[in-house]
Amino acid sequence: MRYANLPSLPCMADSLQLAVAEGVMSQRSIADLIASGRRIVGHFKHSLLAYSRLQSIQKQLGQPIKRLQQDVPTRWKSTVYMLQSLLEQKRALCAYGADYDLPSMFTGSQWKLVENMISLLVPFEELTQQISSSTASAADVIPSIRALTRLLEKTAETDHGVKTLKATLLEAVQKRFRDIESERLYSIATILDPRHKDRYFPHALKPQIRGLLSDVLATGLEQQDGEASLAESGTEPPEKVPRTGSLHAMYAELLDGDREHGGSDISSSVSLQLNLYLSEPVIPQSGQPLVFWQNNKSRFPALAQAARTYLCAPCTSVDSERLFSTAGNIIDEKRNKLSAKNAEMLIFIKKNLPLMLKK
């Protein structure tokens, strides 16, 4: 993309991954806690006898039979899931530790630290799930980061023991997403999303964002007007340029002046659409922006056209990676004779059939 001089955006999920990894490793007590959790889970993963004993204890305590989840060091979400599974089995693990040997065990303060750490990281996990969906777009980045930053800035009862982690996470998020509002694609996509509009921008920045969108809309209308004029002209030869200072030149100047006046009409039309759109309340967060624009394209034709352009940009590379995984599941060792055409058709059906069934 960079070599082709095409606009591109970083993967938001990767940026969050780096921010969380940076925050988790900043506090020694957190790193030691995670290491202890890995040793506990590893003990049951590598010993069938230990796991069967844990199952017996779970049955005696009336708890559901669940395996402890092992985390992957390069994926912080798996660390959250591991800590959650340990916390769910706290009673069973304490009972097991009273009768049998464990390579490591949490103290009372460490169990409390696990709870607080999960409370702090769960919003990151929820946000990652949200932006990794197939319907997430670049319009979700600015509102998500504003909400996440605001959450990290608030003081909560669960901050005990994780204040350093929370402060580092806030600093990491602000550092990695400090320029998102100056990114043209993010800003225009956000204001064109009827769930967000300009509500998540600072008041001082709103006029600038509105002006940016107005320029985009005016440019789009001028291009459409130019294309329509070109189509109407057909194959007629181009008009000769009149000699400077001639009567025909005056006609041309008058026509140019009229075109400039017509441009103000375009600008006025865009302003009316934009002001009306922004004056209306936002739709619920569970709403579908593209459905909104499909239903309101007659009211806001210029905005609807721009929305089709800017709301199609994803904010992560997750869906692209899923597509590669789908191809890997279809073409495997036992199914390696598929032609390229058939493989492409199967992948297309796999990815698009659910969308067709929703209609």
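Preceding this section is the structure that the text describes.
Residues numbered from 1 in each chain as written. Predicted model: local features only at pLDDT ≥ 70, side-chain atom pairs only at ≥ 80, totals over all residues. Heavy atoms only, no water.

*Asks:* Outline the overall build of the protein chain, supporting the account with residue identities and numerical values.
*Replies:* When you go through the protein chain residue by residue, the secondary structure sums to 15 helices and 0 strands. Within the protein chain, buried positions represent 37% of all 359 residues. Pairs at least 24 apart in sequence give 73% of the contacts found in the protein chain among residues at least 6 apart. Looking at the protein chain as shown, the accessible area adds up to about 22,300 Å², and 54% of this sits on carbon and sulfur atoms. (Helix = DSSP H or I, 4+ residues; strand = E, 2+ residues; numbered from the N terminus. Buried < 20%, exposed > 50% of the residue type's maximum accessible area, 1.4 Å probe, protein only. Contact = heavy atoms within 4.5 Å. Areas by Shrake-Rupley, 256 points an atom, 1.4 Å probe, with all protein chains shown as cover.)

*Asks:* Account for the pattern of salt bridges, naming residues and giving values.
*Replies:* Taken as a whole, this structure holds 14 salt bridges when the rule is applied. Residue lysine 112 is joined to glutamate 115 by a salt bridge in which the shortest nitrogen-to-oxygen separation is 3.9 Å. Taken together, the positions of lysine 112 and glutamate 115, both in helix H6 (residues 108-131) and 3 residues apart, correspond to about one turn of that helix. Overall, glutamate 115 belongs to the partly exposed group, its relative accessible area being 29%. (Salt bridge = Lys/Arg side-chain N within 4 Å of Asp/Glu carboxyl O.)

*Asks:* Just give me the short version of the packing of H6 against helix H7 (residues 141-153), but keep the residues and values in it.
*Replies:* Orientation of H6 relative to H7, taken along the N-to-C sense of each, is 175°, at an axis distance of 11 Å. The angle between H6 and H7 places the two elements in the roughly antiparallel class. Across from Leu120, Pro123, Phe124, Leu127, Gln130 and Ile131 in H6, the residues of H7 making contact are Ser144, Leu148, Leu151 and Leu152. (Axes fitted to C-alpha atoms, helices over the stretch in contact; angles between N-to-C directions. Parallel < 35°, antiparallel > 145°, perpendicular 65-115°, else oblique.)

*Asks:* Break down the packing of helix H2 (residues 28-45) against helix H4 (residues 76-88) for me, citing the residues and quoting the values.
*Replies:* Between H2 and H4, whose axes approach to 10 Å, the crossing angle comes to 65°. The orientation of H2 relative to H4 falls into the category roughly perpendicular. For the pair H2 and H4, the sense of crossing is left-handed. On H4, the residues touching Ile34, Gly37, Arg38, Ile40 and Val41 of H2 are Thr79, Met82 and Leu86. (Left-handed = near helix turned anticlockwise from the far one by under 90°.)

*Asks:* How would you summarise unusual backbone geometry if you had to cite specific residues and measurements?
*Replies:* Located in the positive-phi region is lysine 197, a residue other than glycine, with phi close to 50°. Structurally, lysine 197 is set in the loop between helix H9 (184-192) and helix H10 (206-233). What makes lysine 197 buried here is its relative accessible area of 1%.

*Asks:* Give me the lowdown on the side chain of arginine 195, citing residues and values where you can.
*Replies:* Inspection of the secondary structure assignment puts arginine 195 in the loop between H9 and H10. Since its relative accessible area comes to 11%, arginine 195 is described here as buried. A distance of 2.7 Å separates a polar atom in the side chain of arginine 195 from a polar atom in the side chain of aspartate 193. In this structure arginine 195 touches Asp140, Tyr200, Val282, Ile283, Pro284, Gln285, Gly287 and Pro289, once residues within four positions along its chain are discounted. (Polar contact = N/O pair within 3.5 Å; in protein donor to acceptor, adjacent residues only side chain to side chain.)

*Asks:* Describe the nonpolar core, and please don't skip the residues or the numbers.
*Replies:* Counting residues in hydrophobic clusters, the biggest one holds 82 residues, and the most contacted among them are Phe44, Leu86, Met117, Leu121, Phe124, Trp293 and Leu303. Those residues within four positions of phenylalanine 124 in sequence are excluded, and the remaining contacts are Leu16, Val20, Trp76, Leu148, Leu152, Leu169 and Val173. (Core = buried A, V, L, I, M, F, W, Y, C linked by side-chain atoms within 4.5 Å.)

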